[in-house]
Amino acid sequence: MASKGPGSKKSPSTAAAPPAPTPTNSQFPIVGIGASAGGLAAFEAFFSGMPDHKDPGMAFVLVQHLAPDHSSLLTELMQRHTRMQVVEVTDGMLVQINCAYIIPPNRDMAFLNGALHLLEPSAPRGHRLPIDFLFRSLAQDQRERAIGIVLSGTGSDGTLGLRAIKDEGGMAMVQNPASAEYDGMPRSSLATGLVDYELPPAEMPAQLMAYVAHAFGRPPRAVTTTSAPQTENALKKIFILLRTHTSHDFSQYKPSTIYRRIERRMAVHQIDALDDYVKFLQHTTAEVDALFNDLLIGVTNFFRDPEAFEVLETQVVPKLFEGKPAGAVVRAWSAGCSTGEEAYSIAILLQERLEALKLSYKVQVFATDIDSRAIATARAGLYPASIAEDITPERLARFFTAEPDGSAYRVHKSIRDMLVFSEHNLVKDPPFSKLDLISCRNLLIYMGSDLQKKVMALFHYALLPGGMLFLGSSETVGELGDVFAVLDRKAKAYQRKEDFQGAQRAALGRFLPPAAIKDVTLPPASGKLPTPLKLSLRALTEQTLLLQLAPVAALVNAQGDILYLHGRTGMFLEPAPGEAGINNIVKMAREGLRRELTTALHKAANSKERVQTANLRVKTNGHFTPVNLTVCPVDTGPPSALESPLYLVVLEEAPAQEAPAQALPLLSASNHTQDTQAQIAELNEELQAKEEYLHAANEELETSNEELKSSNEEMQSINEELQSTNEELETSKEELQSINEELATVNTELQTKVTDLSRANNDMNNLLAGTGIGTIFLDHALHILRFTPAVTQIIHLILSDVGRPVGHIASNLVGYDRLVADVQQVLVSLQAHEIDVQTIDRKHYTMRILPYRTQDNVVEGVVITFVDITEMVRTREALRTANEQLRLAVVVRDAFDAITVQDLNGSILAWNPGAVRMYGWSETEALAMNVSARIPAAQHGSALARVQQLSQAQTLEPYLTQRLAKDGSVLEVSLTSTALLNASGQVYAIATTERAKEVETGQQNGGGL
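For clarity, every value in this text was computed on a predicted model and none was experimentally measured. (Residues numbered from 1 in each chain as written. Predicted model: local features only at pLDDT ≥ 70, side-chain atom pairs only at ≥ 80, totals over all residues. Heavy atoms only, no water.)

Student: So what's going on with the overall build of the protein chain? Residues and values would help.
Tutor: Within the protein chain one finds 27 helices and 36 strands. Put simply, the protein chain has 1009 residues, and 48% of those count as buried. Summed over its atoms, the accessible surface of the protein chain is roughly 49400 Å², and 53% of this surface lies on carbon and sulfur atoms. (Helix = DSSP H or I, 4+ residues; strand = E, 2+ residues; numbered from the N terminus. Buried < 20%, exposed > 50% of the residue type's maximum accessible area, 1.4 Å probe, protein only. Areas by Shrake-Rupley, 256 points an atom, 1.4 Å probe, with all protein chains shown as cover.)

Next comes the structure, spelled out in structure tokens:
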């Protein structure tokens, strides 16, 4: 697998989001949300889009680039926008469903077994990538339940984290760049092609809950095809659609991997049945491309697996130049190069070796992949600034050029010129040849075993003798271990050995046209001086035979596999029963030869010396033939680890021993003893030979056991590593850019806080202005800090007076000049002081002086308030006057005499109870009357004269007059009249006091008022 996944595509079936599920077990999806500059607004929009009436059924972990020395307000701000509990993470906190967790400042955060752990940042400030760090651990811990969301921010943090989440089968969601305040991080993530949804933050919750409901709201489907023929049939149809649309065949890839990718695409589109997804693919070409990209997900970065690349640098690369004269060509192939990081890493190592050798070589690096988009990215050689995390500063400065905006690095032209990128299918396209190095890392793990064998055989064909093979940490050469020497088992570095059996030819027929299948020639001899090509197998055998003068011989390797036969061997060898394959001389050896031949081969392999065994009894055609056996190592030139050692097995018939001329009928005792001793000696030799044979067999068995044990360990390692990828993610960030992001985050939080404080300040100002209370705030030195508008009517203050001593300001207060002294007294005693004061314009205020205390109960000055009590004073005065009038009213009410008030026109204005008793008219009746109705007609003239007198004098002396009662009787009364004056001294009414006297009916005195 290589390259990247699909871009963002919406499903037509996601218009309405179903309710969020409640997970059926203790596991639930965990959503990692990363943001940088501009992230606060995106966070608020995201949580504001969550439904208010139901829980989401998942947990959220928020990571933002925070200043390490600034306390974050994110927890407080987020709690305002969600019904979920929002907490700042503490070390070891267990993640709970329907909760949101906020990363604290100056910490990296990671998942382990569903808990959040905080770590001290290992990278220096400016190079930290907390979002990638969280996403990576989230992917490894939660696998397909991991969901990554990248919001507003600059740089590329989160991009590699999304790769890790996608590689584990999780889901990726990114903010639409048009809705982001800073679109650097969203665009970097979208460029990978791995994003499932591209949405504004407010629309994300609905789509997220719909995805979770489909992917985790029902029991998981089976991931194998062996027990489900219908599923296997549907997979075959999907392979057909992929091959038709992309020309690439995935039928030989591992079914579990393919099915997991397909199932994830089904969850993205909320499709339940595999058959329905097949129909969806048939009608949606874009989805075929998206599935193809998902199947090609490749996690790669510069110098991935540093330990393995160290082996490549120190052990592998130097061997590529050994024995090559100046000007020679060194060729390397990076198969499945994805976006090119690994190919450029190899080129950098080769360039550094060239500089160390100080010799001129021509270096060519071929980098291939089936993903055209990945190849386009690799050709451009432009990578995000986060690659600085994986590349040493020295290499970054030598081989990369920073873009003007600092957001990316471009590979230097001298390195790009060493590489040739091309779209190439490893399975069906002819391979490159005559290569010194092949790097194919983490591609074979996705292929089936048969396909792996064919690819390894192809690599063996493509490499020069002695060429190097560099595999991924979870890959091995498998069954082709006999043609690859292990250079470093842990780093998966191998060296090509010769395959004299020609085993790769059958495999190459699957990949190469007939013209490409040629005889394998031996490599040129190493050394500074040019040497002729190595001898062919036939010439090599014949040359050695001439030295040994042996008529029958076989050229074999250490395992006894026959490479070349010379002479008529039927007397000694016969075909072994069973399938015809590579002929082994041990299996073909006739009776009497096999055991000694095995022992001799073992001795020759261990001692590297010639081994001879004489007079072997070999059964041929019903009788035994004496045979001499010789096994000698073959000198193939300078020693090399790349070839299997070769041995020449020489078989020759031993000369027959002459029989005794005469048989004696009787043997003497001495002859009998000699024969017995000879027989015992022969048996001892045979026993010793058997012991040597058993010893050799035991050593071979031990070797086989060690190899099996090693293979078993490798298989266990592969099994573990297939379950959890250990891909390392690139994490890097330029320091200035990171600090700017942190400052932008802090600035956003502070702006929010300032907005809150401004709103509170406005509320307070409006509150103080609305109450009309004049307030002055003074510091310890009695300098003015601030004041309210209402106080300017009392003390002459303008805005420029802030900071001046209050004693320098003139006031409108009348009779009060102890303001400074009273304020100082309050600062000393910390006791409030209150006094009523009056201004020039006759307004009254209650002045209160209080200590100014902070939330920590620290006195930092005083507060002077002026409460307007003018109306209170006026009311108090009016009340006093009213009380006085009330007392007079009581006198009038309770007096025995009739007391009345009339205006100048004679209308009665007041009528006391005494008047009611005296005249009989009620107060209501009297108030509707005119005084003329109570005066006898004869006295009207004199009454008018009295009124005119009152206009000149306020009071007339008492006099006797007459008045009419209600019953018509005439009463003689003593009357006192008083003129009532208004504020201007004018008469506005007349008050009378009347006391009745008994008179005879009809008797009248002189008229009067």
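Student: Account for the pattern of salt bridges, with residues named and values stated.
Tutor: Summed over the entire model, instances satisfying the criterion amount to 22 salt bridges. Across the salt bridge formed by Lys166 and Asp196, the nearest N and O atoms sit 2.9 Å from each other. With Lys166 in helix 4 (residues 159-167) and Asp196 in the loop between helix 5 (184-191) and strand 10 (197-199), this residue pair connects regions lying 30 residues apart in the sequence. We classify Lys166 as buried; its relative accessible area is 0%. Judged by its relative accessible area of 1%, Asp196 is buried. The partner of Glu834 in a salt bridge is Arg848, with the nearest N and O atoms 3.1 Å apart. Taken together, the residues Glu834 in strand 29 (residues 833-839) and Arg848 in strand 30 (residues 844-853) connect sequence positions 14 residues apart. For Arg848, a relative accessible area of 27% translates into the label partly exposed. (Salt bridge = Lys/Arg side-chain N within 4 Å of Asp/Glu carboxyl O.)

Student: Requested: an account of the packing of helix 3 (residues 130-142) against helix 4, with residues and values cited.
Tutor: Helix packing geometry: the angle between the two helix axes and the distance between the axes. Direction vectors running N to C along helix 3 and helix 4 enclose 5 degrees, while the axes themselves pass 8 Å from each other. Between helix 3 and helix 4, the interaxial angle falls into the category roughly parallel. Contact with helix 3, carried on its side by Asp132, Phe135, Arg136, Leu138 and Ala139, involves Thr159, Leu160, Gly161, Leu162, Ala164 and Ile165 of helix 4 and no other residues of that element. Across the contact of helix 3 with helix 4, the residue classes tally to seven nonpolar, two polar and two charged. (Axes fitted to C-alpha atoms, helices over the stretch in contact; angles between N-to-C directions. Parallel < 35°, antiparallel > 145°, perpendicular 65-115°, else oblique. Contact = heavy atoms within 4.5 Å. Nonpolar A, V, L, I, M, F, W, Y, C, P; charged D, E, K, R; others polar.)

Student: Explain helix 20 (residues 594-607) to me, using residue names and the numbers behind them.
Tutor: When the terminal C-alpha atoms of helix 20 are compared, their 20 Å separation across 14 residues agrees well with the 20 Å that a helix rising 1.5 Å per residue should span. Of the residues making up helix 20, those classed as buried are Glu596, Leu597, Thr598, Thr599, Ala600, Leu601, His602 and Ala604. At the C-terminal side of helix 20, Lys608 shows a positive phi close to 60 degrees. (Expected span 1.5 Å × (residues − 1).)

Student: Explain the packing of helix 11 (residues 306-321) against helix 12 (residues 341-357) to me, and be specific about the residues and the numbers.
Tutor: Two numbers describe how helix 11 lies on helix 12: the axes approach to 10 Å, and their chain directions differ by 55 degrees. Our classification of the angle between helix 11 and helix 12 gives oblique. Of the two elements, helix 11 crosses helix 12, and the hand of that crossing is right-handed. Residues Phe309, Leu312, Glu313, Val317, Pro318, Leu320 and Phe321 of helix 11 pack against Glu342, Ser345, Ile346, Leu349, Leu350, Glu352, Arg353, Leu354 and Leu357 of helix 12. Per-class residue counts for the contact of helix 11 with helix 12 are 11 nonpolar, one polar and four charged. (Left-handed = near helix turned anticlockwise from the far one by under 90°.)

Student: So, the packing of aromatic side chains: which residues are in play, and what are the values?
Tutor: Aromatic rings considered in pairs are described by the distance between their centres and by the relative angle of their planes. Under the definition given, this model contains 15 aromatic pairs. Summarising the aromatic geometry, the rings of Phe46 and Phe47 are spaced 5.3 Å apart at their centres and angled 90 degrees between planes, so their arrangement reads as edge-to-face. Grouping residues by exposure puts Phe46 and Phe47 together as buried. Taking the centre distance of 5.7 Å and the plane angle of 90 degrees together, the rings of Phe309 and Phe470 count as edge-to-face. With a gap of 161 residues between them, Phe309 in helix 11 and Phe470 in strand 18 (residues 463-471) connect regions that are remote in the sequence. Accessibility classification places Phe309 together with Phe470 in one group, the buried group. An aromatic cluster of three or more residues is present, and its members are Phe302, Tyr344, Tyr383, Phe400 and Phe421. Positioned above the aromatic ring of Phe624 is the side chain of Arg617, whose terminal nitrogen or guanidinium carbon lies 4.7 Å from the ring centre. Above the ring of Tyr919, the side-chain terminus of Arg934 is found at 4.7 Å from the ring centroid. (Phe/Tyr/Trp six-rings, centres within 6.5 Å; stacked < 30°, edge-to-face > 60°. Lys NZ or Arg CZ within 6 Å of the ring centre and 35° of its normal.)

Student: Could you give an account of the sheet that holds strand 23 (residues 611-620), naming the residues involved and the relevant values?
Tutor: Backbone-to-backbone hydrogen bonds join strands into a sheet, with any given pair of strands oriented parallel or antiparallel. Read from one edge of the open sheet, five strands run 22-21-25-24-23, paired in antiparallel fashion. Every interior strand has two partners, whereas the edge strands, strand 22 (562-566) and strand 23, have only one. Going from strand to strand, the sheet's axes swing by 25 degrees on average, the running direction of each strand aside. Pairing of strand 21 (residues 552-557) with strand 25 (residues 646-653), which is carried by six bridges, proceeds in the antiparallel orientation. Along strand 25, the bridge assignment pairs Leu555 with Leu648. Docked against the sheet, helix 20 engages strand 21, strand 23, strand 24 (623-633) and strand 25, running at close to 10 degrees with respect to strand 24. (Pairing = 2+ DSSP bridges.)

Student: How would you explain the pairing of strand 31 (residues 859-868) if you had to name every residue and give the values?
Tutor: Within strand 31, seven of the 10 residues are buried, which leaves the element mostly enclosed by the surrounding structure. Note that strand 26 (residues 774-778) and strand 31 share five bridges and pair antiparallel. The residue of strand 31 that forms the bridge with Gly774 is Phe866. When strand 30 meets strand 31, the two strands line up antiparallel, connected through nine bridges.

Student: I'd like a description of the environment of Gly774, backed by residues and values.
Tutor: Residue placement: Gly774 occurs in strand 26. Sequence spacing of Gly774 and Met847 is 73 residues, and the spatial spacing of their C-alpha atoms is 9.3 Å. Here Gly774 is in contact with Thr788, Ala790, Val791, Ile864, Thr865 and Phe866, once residues within four sequence places are set aside.

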